[in-house]
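Structural description and commentary
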Amino acid sequence: MSPAPSKSQNEGSDAIALTVVRLVRDARQLVVLTGAGMSAESGIPTFRGSDASWWSRFDPQRLASVPGWKADRALVWAWYRWRIALIAQAQPNPGHRALAQLARRQSLVLVTQNVDDLHERAGSDVLAHLHGRIDALRCFACGTPYTRELPVIDLHAPDPTLEPPACPHCGDAVRPGVVWFGEILPELPWRASVEAVEQADVVLVVGTSGLVYPAAELPQIARRNGATVVEINPQPSALTAQVDLHWRATAAQALPRLLD
Ligand code: BV8
Ligand code: ZN
């Protein structure tokens, strides 16, 4: 396995691009971890970006929690309903498609913190959605999956007081199938992701601020087990100090280069 390149190679993104292309090509077990930055170029606002989305004035950490739901479930439901509609009309970007293409050439394990289905729509198999799937609706109380059609909303002027649908089974409210702050991650996807990064020799971390745990621990676990960890992010993140290489580029700019 090639020795971890020194940080000094961060100069000149072409030099780093070539280094990463070689690392990926020679990888025995490649794991890719993606965050909200992966879907930014598909028009999906990130959590902590300063995008001018309709919801930039609310704090996702407050809304994405059981207390937030209990405090104002119509507001929380309206936020998710708006995001579900946004994702439905979004398209996978060249970064999603490049990962799907790369997986047809070499073994690649994909773990995402994202709750959208853009990796799947680009043709990728996703080992784990660590924070669930926004479109996997279920009853807040009895957990019965909810598969009925949702009423259409206006993406540009969503109604912030939209009552969630009622569970046909028990009448309680339907919630999105995501992991809220303070909720535990699904056990099997988490365990599979830890095992994947423990076995990896190369890990690409794409588009995550590295602020949310336990997902943010995965790059460290990989490095502790000898993997070379590369971050693809136009900005530094909470992970930058602990990775081997930081390729300052966006997902849609960098990932297609791996197919060169
Ligand atoms: C847990 C689903 C055990 C919802 C999400 C107090 C009480 C309870 C828990 C805690 C606590 N204090 C701390 C915790 C732990 C907490 C946590 O980590 N909090 C942080 C914020 C401090 N974690 C949890 O609660 C987890 N559960 O610990 O359970 C437990 C239980 C009880 C008590 C104690 C412990 C659950 C965490 C899951 C939360 N759910 N999402 C929804 O989607 O609405 S997390 C949410 O943030 C998203 O899912 C996303 O995955 C995640 C991280 O965001 P990122 O993906 O990194 O995106 P972000 O916007 O932050 O950054 C984007 C990055 O992309 C940036 O770096 C940017 O530069 C870059 N970028 C931008 N454009 C591009 C780009 N990169 C590439 N290309 C581009 N074009
Ligand atoms: Zn129910």
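Going by the structure above, here's the rest.
Read on for an overview of the structure. These numbers come from a predicted model, not from an experiment.

Observations regarding the overall build of the protein chain
The secondary structure content of the protein chain amounts to ten helices and eight strands. For the protein chain, the C-alpha radius of gyration of 19 Å lies close to 18 Å, the compact-globule estimate for 260 residues. Summarising its shape, the C-alpha atoms of the protein chain cover approximately 60 × 35 × 30 Å along the three principal directions. Burial analysis of the protein chain (260 residues in total) assigns 52% to the buried set. For the protein chain, the share of sequence-separated contacts (at least 6 apart) that also reach a separation of at least 24 residues comes to 70%. Here the protein chain has roughly 12,200 Å² of accessible surface; of this, 52% comes from carbon and sulfur atoms. The positive charge centre, built from 24 side chains, and the negative charge centre, built from 26, are 1 Å apart in the protein chain.

Thoughts on the site of ligand 1
Taken together, 35 residues form the shell around ligand 1, and within it Arg48, Tyr80, Val179, Gly182 and Ser209 come nearest. Within the backbone of Gly37, a nitrogen or oxygen atom sits 3.3 Å from a nitrogen atom of ligand 1. Here an oxygen atom of ligand 1 sits 2.6 Å away from a polar atom, N or O, in the side chain of Ser209. Contact with the protein chains removes 75% of the 1,500 Å² of surface that ligand 1 exposes when unbound.

Here we look at the environment of Leu18
Inspection of the secondary structure puts Leu18 in helix H1 (residues 13-25). A relative accessible area of 55% places Leu18 in the exposed class. Once the C-alpha coordinates of Leu18 and Arg133 are considered, the two residues, 115 residues apart in sequence, prove to be 34 Å apart.

Let's talk about the coordination of the zinc ion (ligand 2)
For the zinc ion (ligand 2), every protein donor is listed as Cys139 (SG), Cys142 (SG), Cys167 (SG) and Cys170 (SG), and the spread of their distances is 2.2 to 2.3 Å. Considering all four donor atoms around the zinc ion (ligand 2), angles at the metal cover 100 to 121 degrees and the coordination shape is tetrahedral. Expressed as a motif, the donor residue spacing for the zinc ion (ligand 2) is C-x2-C-x24-C-x2-C.

A short note on the pattern of salt bridges
Counting across every chain of the model gives ten salt bridges. Via salt bridges that share partners, Asp14, Arg257 and Asp260 belong to a single interconnected network.

Considerations on the pairing of strand E6 (residues 202-206)
Among the five residues that make up E6, five are buried, leaving the element largely enclosed by the rest of the structure. Of the two faces of E6, the one holding Val202, Leu204 and Val206 and the one holding Val203 and Val205 are both buried throughout. Pairing analysis gives five bridges linking strand E1 (residues 30-34) to E6, with the strands arranged parallel. In the strand pairing of E6, Thr34 is matched with Val206. Note that E6 and strand E7 (residues 228-232) share five bridges and pair parallel. When the sheet's bridge partners are listed, Val205 is paired in E7 with Glu231. Read from E6 through helix H9 (residues 218-224) to E7, the crossover connection turns out right-handed.

Calculation criteria
- Residues numbered from 1 in each chain as written.
- Chains lettered and ligands numbered in written order.
- Predicted model: local features only at pLDDT ≥ 70, side-chain atom pairs only at ≥ 80, totals over all residues.
- Heavy atoms only, no water.
- Helix = DSSP H or I, 4+ residues; strand = E, 2+ residues; numbered from the N terminus.
- Rg over C-alpha atoms; globule rule 2.2 N^0.38 Å.
- Buried < 20%, exposed > 50% of the residue type's maximum accessible area, 1.4 Å probe, protein only.
- Contact = heavy atoms within 4.5 Å.
- Areas by Shrake-Rupley, 256 points an atom, 1.4 Å probe, with all protein chains shown as cover.
- Lys, Arg positive; Asp, Glu negative; His and termini not counted.
- Charge placed at Lys NZ, Arg CZ, Asp CG, Glu CD.
- Near = heavy atom within 4 Å.
- Polar contact = N/O pair within 3.5 Å; in protein donor to acceptor, adjacent residues only side chain to side chain.
- Donors = N, O, S within 2.8 Å, 3.2 Å for Na, K, Ca; no water.
- Tetrahedral: all angles 85-135°; square planar, octahedral: opposite > 155°, others 65-115°.
- Salt bridge = Lys/Arg side-chain N within 4 Å of Asp/Glu carboxyl O.
- Pairing = 2+ DSSP bridges.
- Right-handed = clockwise from strand over helix to strand, strands pointing away.

Keep in mind these numbers describe shape, not what the thing actually does.
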